[in-house]
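Geometric and topological summary
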Amino acid sequence: MQPKVCLVLNNLGNFNRAWTQILRNLGIDYTLCIATSTTTGANIQTPQGVFSPSSPDLRGYFRQFDAVILCENTNNLASTSLINYSVFWMGWNDPEDPAFLFFNPHFSAAIGESAYNSNFPSDFPIVRPNPSDIAGTLYAADGGTASSLVLGIGITGGRGACVLFPAENIRAHVISICSVQSNIPYYWKLDTAKHSTLASTTYTHRVARNGRAGEILAVPAPPTSSEDTETYPADCVVAYRYRNSFWLPAALHRRQDIADDRNPYLFWLLYGLQLAGVRPRYKLPVQMETDHPLQAVGTGAPFNHAITTQMGILEASWDWMRDFARQRNTAIVNGLVVGTKYRSTDVGYHWNLLYSTSRTQAERDAAMRVHQILVAGHREGTTPCGVHDHTIGTNGYWGGSTAAGFVRHSGLRYGAPNDVPIARGRCCVAPHVLPAGVAGADAQTVQVGDTELIEWDIPTSGTGTTFDLPAGSVHAARIIIESEIEEMLALGFPDGYCGGHKYTNTAANNSGGECYWQALKEFGFRGVRSAPECNVPYRTKCVTPNRYWNGFHLVPHKNLDNVGDSYSLGLYYPDAPAERHAVGTYRLDHSGDISANWTTQPVAAWRAYRRVLCQLMSRWLSTTAVALGGAYFHPIHCLMPVSPSRVLERFDGWNILNAANQPHYNHAVELLENMDAVVRLLPEYLYWGTITDVMDHRERVMGG
Amino acid sequence: MPVRFLRNASELADVSWETPLPVQVANAKPVPADTLLVATTTVTADANRDLLGSAATELPTLDGCMQYRKLVWFYFRASAADTTYRVLARATDQNGAPLGAGWQEIAPATPLPGEANSWNRIEIPATTDGYYDQYRIEVRLTAGNSYTLTSKIVGVR
């Protein structure tokens, strides 16, 4: 049985292509149907004909699908029509009828169309939102403040929600917007009498997992701390099943152009599909990456963490992450900063933390404990590490035309004192058109992708260690990558490409270009993480459109740091620049309801916690389900706000303080545990996997 | 143990040169163009200097080009110093030997277009089709100081 769904929309002009991208990634077949208007008088245009929305013909047509999805939503409850044509479908409840998925549906009391109101089920248990009586028909969510950005289209400015799923008994942070008015998110109000009747009415349909006509699917999770005063009445619901219709929060942005990793609500699409019994051909692998797994940052205010303290934070967190990966059968792949053995004296970087005499013995010992966790994790497959080099020229691969004063390694094939090519030859001619007797004595064949050229008159390194290295050739790439791998070997790793995954996350997400991809393939890599512009700031090269070059993967990236610049000062930090804390970085201070209340109302910290987790979980899930990419964070940059004596404690507001007397927050633990909750909620759709699974899946669904 | 595959609906075949495994080309589209040359030339006043720096007049710059209808020469010149270019071409026999001595001059010495630090493009031949076996492309400084000319030549079928 092939999974198949029907998407109903009003027009393609503002249709978010992520709807279909996600379905393709899941291997779910789909059909698009267009409604000719927003009213009950609309016709539904299907590939098999145009049907009246109330017609038996349409009902019969729908029965071939596992689910029918209503794609449209609005942020204006005063609107008199949007999906009025769907009202008839709420009465199509036979076992042969499909599930209907409504995401942030418009069923406002402002709809005056008599055909809508007379056909609206009288026993429907969610109170219809009334724009003239918001307080009596909806519950304001997430503090009830107006959003800093337009809700429903922004890629930052997420809203917070901790949701309890009663049937699964799981709490998860997922952005949940049931209705919107005046840019404020709302949850729904339940008519408890009607719900009680439905919940005791026997109903037979494959999606009625409790055998009843009504089921509460999700509610705001009750607070876990007395500080958290953001509570909701018992009749407040986030998601509900009415017979075979699912009333769910918004699933995707109302934007046309973002079939990528910026769809913050898509949890609800996955959850809805799962509830509807749509069994995808493929599950999606969930995995996490980090950059700079061992690094030190400043020791100054406000935390004043000594280097040994920072290493202690990393040691505890990495020990926990390694254990997490072991239990979930995932691999947290890490871009380990290399190049510092030869090309950088920055004592904050990996090699120098371990071996620089500028570090005290205690500091080196503390760093070595972190390092040993990574090496052991690499060998067992839980924390595999790969090269990640910020020391070449400007930044990452081919970040500038020339890496001035480049210092190479010793030995191996491209190290000193070997005299090796450092740039393309002055003359390069394809072998099939190369005249006899023309090529110089130093001629050699160089292949990059499909192009093979005979090069001669090639600039070489001489026997020295230091020289200016033109960065844009396969010769330069070979020297650089070999030096990086040599350093990984010297650090005790058996390889430089995350073991069997043969992957790494490139520094600054610069993958270089064809010459670097070729050289990486030669050294055994299968893929790397790469930004669309793959040699910033030089900016002469973009990745191939399908991100797949001669069997080599260029995996999209997404940053999940809780900071925009330097290291994080926490969820929020008063009077600090916005980019130094998570709330500022992601524009989560809606109507100033965090900044204005931070020191006076403890709930503000919980609000910040919910919003940060929701924002970053949504970015991670989008990266997983839409872009099939790699999401990552920088551990020490994100972990400075933890309490050094209680590193692994979960967030508990002002009950646990960090060294700056602000709420303790461990980004690694919180992110992974919350994603674990999402994975447990979606066993049919997600699994903890690895970057290998991601690349396998890209090949499976994206083709050549 | 030979590797076998279902050659058609009912026939099992051993993998061999005559019956290779069926494959589907992925991530590759037929492109009727090949990169033939990438070169950095120091343009001087020397006579008969080609893009590869050779002054041996009988040596082609490119050989075996019969499959190409056109050569497209892209170049970036570092100076506007007065320069001429000349394109010579000829056919060979089945053994690769030129049919006769010398060359057919398909583009006589002509000012090389472009200002300093400019991108330019020349089609060879300028009109009609090529299909010559050998080409020799010469550049020569006629006034001013020598400079660097970076070229790429693409063969178009």
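For clarity, every value in this text was computed on a predicted model and none was experimentally measured. The residue numbers shown here count from 1 along each chain, following its written sequence. The naming scheme follows written order: chains are lettered A onward, ligands numbered 1 onward. Residues qualify for local features only when their pLDDT is at least 70, as the model is predicted, and side-chain atom pairs are given and counted only at 80 or more; totals for whole chains, interfaces and linings, by contrast, use all residues.

What about the overall build of chain B?
Put simply, the rule reads: Put simply, DSSP H or I for four residues or longer makes a helix, DSSP E for two residues or longer makes a strand, and each gets a number counted from the N terminus. Put simply, the radius of gyration uses C-alpha atoms, and a globule should come to 2.2 Å times the residue count raised to 0.38. Between the buried cut of 20 or more and the exposed cut of 12 or fewer other C-beta atoms within 10 Å of a residue's own C-beta lies the partly exposed class, and all C-beta atoms are placed from the backbone. Throughout, a pair of residues is in contact if the C-beta atoms placed from their backbones lie within 7 Å.
Tallying secondary structure elements over chain B gives zero helices and nine strands in all. Each helix and strand of chain B, placed in order from N terminus to C terminus, yields the pattern β-β-β-β-β-β-β-β-β. For chain B, the C-alpha radius of gyration of 22 Å lies well beyond 15 Å, the compact-globule estimate for 157 residues. With respect to the three principal axes, the spread of C-alpha positions in chain B is 75 × 40 × 30 Å. Counting over 157 residues, chain B shows a buried share of 26%. Sequence-distant contacts in chain B: of pairs separated by 6 or more residues, those separated by 24 or more amount to 75%.

Focus: the overall build of chain A
Tallying secondary structure elements over chain A gives 16 helices and 31 strands in all. For chain A, whose C-alpha radius of gyration is 28 Å, the value lies close to the compact-globule estimate of 27 Å for 704 residues. In terms of overall dimensions, chain A has C-alpha extents of about 90 × 65 × 40 Å along its principal axes. Evaluated residue by residue, chain A yields a buried proportion of 56% over its 704 residues.

Some words on the interface of chain B and chain A
Put simply, the test is: Residues are grouped as follows: Ala, Val, Leu, Ile, Met, Phe, Trp, Tyr, Cys and Pro are nonpolar; Asp, Glu, Lys and Arg are charged; all remaining types, including Gly, are polar. By the convention used here, strands pair only if DSSP detects at least 2 bridges between them.
Facing the 17 residues of chain B at the interface are 18 residues of chain A. When its residues are assigned to classes, the side of chain B that touches chain A shows 10 nonpolar, five polar and two charged. Sheet topology note: the strand 21 (residues 427-429) of chain A/strand 3 (residues 33-43) of chain B ladder contains three bridges and is antiparallel. Within strand 3 of chain B, the position partnered with A:Cys428 by the bridge is B:Val38.

Regarding the sheet that holds strand 18 (residues 333-338) of chain A
Residue and element names in this part refer to chain A. The condition that has to hold: Here, axes are lines fitted to C-alpha atoms. For helices the fit covers the stretch in contact, and angles between N-to-C directions go from 0 to 180 degrees.
On the basis of which strands lie adjacent, the open sheet formed by five strands has the order 19-18-17-30-29 and parallel pairing. On the outer flanks of this sheet lie strand 19 (385-389) and strand 29 (557-559), each paired with one strand and no other. Neighbour to neighbour, the strand axes of the sheet diverge by 35 degrees on average, direction disregarded. By the bridge criterion, two bridges tie strand 17 (residues 289-291) to strand 30 (residues 630-633) in an arrangement that is parallel. In the strand pairing of strand 30, glutamate 289 is matched with tyrosine 632.

Remarks on the environment of A:Gly405
Locating A:Gly405 in the fold gives a position in strand 20 (residues 402-407). Once the C-alpha coordinates of A:Gly405 and A:His553 are considered, the two residues, 148 residues apart in sequence, prove to be 31 Å apart.

Brief notes about the pairing of strand 18 of chain A
The two faces of the sheet receive side chains in turn, since in a regular strand these alternate between them. All names here are of chain A. Convention followed: The crossover handedness rule: strands pointing away from the viewer, path from first strand over the helix to second strand clockwise, crossover right-handed.
With six of its six residues buried, strand 18 lies for the most part within the structure. As judged from the three bridges shared by strand 17 and strand 18, these two strands associate in the parallel manner. Along strand 18, the bridge assignment pairs threonine 290 with asparagine 334. Handedness of the crossover joining strand 17 and strand 18 through helix 7 (residues 307-328) is recorded here as right-handed.

Topic: the nonpolar core
Residues and elements named next belong to chain A. Under the convention used in this document: When buried Ala, Val, Leu, Ile, Met, Phe, Trp, Tyr and Cys residues are joined through C-beta atoms within 7 Å, the set is termed a nonpolar core. As used throughout, domain bounds are those supplied by an automatic or database domain assignment.
In terms of nonpolar packing, the biggest core is built from 244 residues, with Leu101, Leu266 and Val678 touching the most fellow members. It is helix 13 (residues 603-627) that contributes the most residues to this core, 16 residues altogether. The two domains that each donate at least three residues to this core are domain 1 (4-132 + 187-216 + 237-281) and domain 2 (403-470). Among all residues touching valine 678, those that are not within four sequence positions of it are Ala172, Val174, Phe267, Met617, Leu621 and Leu686.

Focus on the domain arrangement of chain A
Segmenting chain A into domains produces domain 1 (4-132 + 187-216 + 237-281) and domain 2 (403-470). Look at where the C-alpha atoms of domain 1 of chain A and domain 2 of chain A centre, and you get two points 62 Å apart.

Things to note about helix 1 (residues 18-26) of chain A
Residues separated by three or four positions in an α-helix point in the same direction, a consequence of the helix having 3.6 residues per turn. Residue and element names in this part refer to chain A. Stated precisely, the cut-off is as follows: To obtain the arc, one takes the directions from the helix axis to the C-beta atoms.
When we look at burial in helix 1, the residues that qualify are Ala18, Trp19, Ile22, Leu23, Asn25 and Leu26. When helix 1 is viewed along its axis, its buried side chains cluster within an angular range of 160 degrees and face the same direction. Looking at the packing, one finds that the buried side of helix 1 touches strand 1 (4-9), strand 2 (29-35), helix 6 (267-275), strand 16 (284-286), helix 13 and helix 16 (691-702). Just past helix 1, the residue glycine 27 takes up positive phi, approximately 75 degrees.

A word on the pairing of strand 4 (residues 70-77) of chain B
Residue and element names in this part refer to chain B. Judged by which residues are buried, strand 4 turns out to be one-sided: Leu71, Trp73, Tyr75 and Arg77 face inward and are buried, whereas Lys70, Val72, Phe74 and Phe76, on the alternate face, are not. Taken together, the eight bridges between strand 4 and strand 9 (residues 147-156) define a ladder with antiparallel strand orientation. Residue pairing across strands places tryptophan 73 opposite isoleucine 153, the latter belonging to strand 9.

Considerations on the environment of A:Tyr187
All names here are of chain A. Its place among the elements puts tyrosine 187 in strand 11 (residues 184-189). On the basis of neighbour counts, which here come to 26 C-beta atoms within 10 Å, the residue tyrosine 187 falls in the buried class. With 45 residues separating them along the chain, tyrosine 187 and tyrosine 232 place their C-alpha atoms 9.4 Å apart.

A closer look at the confidence of the model for chain B
Caution applies to low-pLDDT parts of the model: their predicted coordinates are not meant to be read in detail. For the record, the criterion: The predictor attaches a confidence to each residue, called pLDDT, with possible values from 0 through 100.
On average, residues of chain B score 91 in pLDDT, and 94% of them reach the 70 mark or higher. Across chain B, the secondary-structure element scoring lowest on mean pLDDT is strand 1 (residues 4-6) of chain B, at 78, and the one scoring highest is strand 4 of chain B, at 98.

Concerning unusual backbone geometry
Cis geometry marks the peptide bond from A:Ala416 to A:Pro417; its omega dihedral reads 5 degrees. Here A:Pro417 is to be found in the loop between strand 20 and strand 21. In this chain, B:Ile124 is followed by B:Pro125 through a cis amide linkage whose omega measures -10 degrees. The residue B:Pro125 is located in the loop between strand 7 (118-124) and strand 8 (134-141) in this model. Residue A:Arg587 is not a glycine yet carries a positive backbone phi of 55 degrees.

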